[in-house]
Amino acid sequence: MKTATMIAGVAGALLSHGAQASVVPAWTASQQPSWGDYFLFPTNIPASLEKRTLRQVVRLAIGGRDVRIVLANSYGSKPIVIAGARFASSAGEVRTVPGSERAVTFGGKAVAVIAPGATVVSDPLPLAVAAGQDVAVSLYFAHAPVIESFHWDGKRTGYVLEGNALGTPTPKVATTTTARLLLAGVLVDAPEAKGTVVVMGDSITDGAGATLEAETRWPDYLAARAAPRGIAVVNAGISGARLLSDGMGRNALARLDRDVLAQPGVRTLILLLGINDIAWPGTPFDPHAPMPTLDALTAGYRAVVARAHASGVRVIGATLPPFADALPGTPMAATYYSPAKDALRNRVNAWIRTSGTFDAVVDLERVLANPAAPAHLVRAFDSGDHLHPGDAGNKAMADALDLDTLIGD
């Protein structure tokens, strides 16, 4: 857990100074190890970043000042050198607002070296940002980096620019990607903040059914509701994530420290994981694995809750939405769903509701299920693949959370 330890140390250092006791994450992207050509999906990592600039746009969940960016090489085997970085207000797509660019430094230097498995946090930028603001982070690479750690489904376009375009408001675009590369977080000092809520999940949380560029994942809607209350909500969803086993990211316990417990000001974890544990066995994702038992799944939930409670973090358990007829027209269509898998999902949901393991429960199944066909999503909430909610479904999920009890007393 070297990376988690390093981030925890950074968070502790930030929070050890009185003036910075209100540092919270305004945006995060959970890290995944990259994969090779053997996997069903391409990584979308650009072929070359040598002598190029990478510009990524993010929307901030909460406003504040003294902005810091977090860069991660969590699963890398080689150091990555950032030859320069800029932070700016986004003007839409690749453009930045002229005059808003600020040079980012690391320990007073323009160049940052991210060691294998490490995370670096920039020096604070003395400026103010607002909740819901889109900002652009640009990184320049003098030499080709080896990217082995990333976030696969960013839901925003990233831009690879010719040459050193750090301070160029309207640059020439060489290529684009929807993967998040190296940028793992944005921190702000928010003096009125009451705390941080981290939503940990799979592709439903990562926003697989949400509209590209629109910031309509369900944690996005929740963040917009919570920001006026001084609550920072950040998304720790990873498409293909599982509770018990590694998937397209590490299993829940393996990434809990880094993605949740090390986040500054964390008060509450919302946990929505388990569909892939139930559904992946027998599919091309995991063709030879047996379906997990109810006992194995509930033991996994208990382990996550116990670890969170030991760090003073409360946990809201979310029931698993229906997924009948999921992923039509894909290699998973015949095997992803079955009546036996749905029966296990229903048993898991009954346990989540009644076991008393969680500090609170949000019943997303009842929000999203079609009353006339409970194994199916409500049509108006379905993105079209019968697994991932669309924008309307994501909003309904976010609206199901009670803001008065989101972070507890």
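The rules we used
- Residues numbered from 1 in each chain as written.
- Predicted model: local features only at pLDDT ≥ 70, side-chain atom pairs only at ≥ 80, totals over all residues.
- Heavy atoms only, no water.
- Pairing = 2+ DSSP bridges.
- Helix = DSSP H or I, 4+ residues; strand = E, 2+ residues; numbered from the N terminus.
- Axes fitted to C-alpha atoms, helices over the stretch in contact; angles between N-to-C directions.
- Buried < 20%, exposed > 50% of the residue type's maximum accessible area, 1.4 Å probe, protein only.
- Contact = heavy atoms within 4.5 Å.
- Expected span 1.5 Å × (residues − 1).
- Arc of directions from axis to C-beta.

Caption draft 1: View of the sheet that holds strand S18 (residues 195–201). Read across the sheet, five strands follow the order S19-S18-S20-S21-S22 without closing on themselves; strand pairing throughout is parallel. The open sheet terminates on both sides in strands that have one partner only, identified here as strand S19 (231–237) and strand S22 (360–362). Going from strand to strand, the sheet's axes swing by 25° on average, the running direction of each strand aside. For S18 and S19, the ladder comprises seven bridges, and the chain directions are parallel. Note that in S19 the partner of Met-200 across the bridge is Ala-236.

Caption draft 2: Representation of the pairing of S19. Within S19, seven of the seven residues are buried, leaving the element largely enclosed by the surrounding structure. In S19, alternate side chains face the same way, and those of Ile-231, Val-233, Asn-235 and Gly-237 on one face and Ala-232, Val-234 and Ala-236 on the other are all buried.

Caption draft 3: Representation of helix H3 (residues 218–226). Among all positions of H3, only Trp-218, Pro-219, Asp-220, Leu-222, Ala-223 and Ala-226 are buried. Buried residues along H3 sit in contact with S18, helix H2 (203–206), S19, strand S20 (266–272), helix H8 (364–368) and helix H9 (391–399).

Caption draft 4: A look at helix H6 (residues 294–310). Across its 17 residues, H6 extends 24 Å between first and last C-alpha, which sits within 8% of the 24 Å expected from 1.5 Å per residue. The set of residues buried in H6 consists of Leu-294, Leu-297, Thr-298, Gly-300, Tyr-301, Val-304, Val-305 and Ala-308. Mapping the buried residues of H6 onto a view down its axis gives an arc of 155°, with all of them on the same face. Opposite the packed face of H6, turned more than 90 degrees from it, sit the exposed residues Asp-295 and Ala-310. Where H6 is buried, its residues contact helix H4 (252–261), S20, helix H5 (275–279), strand S21 (314–318) and helix H7 (339–354). Just beyond H6, the residue with positive phi is Gly-312, at close to 75°.

That's the geometry; what it means functionally is another story.
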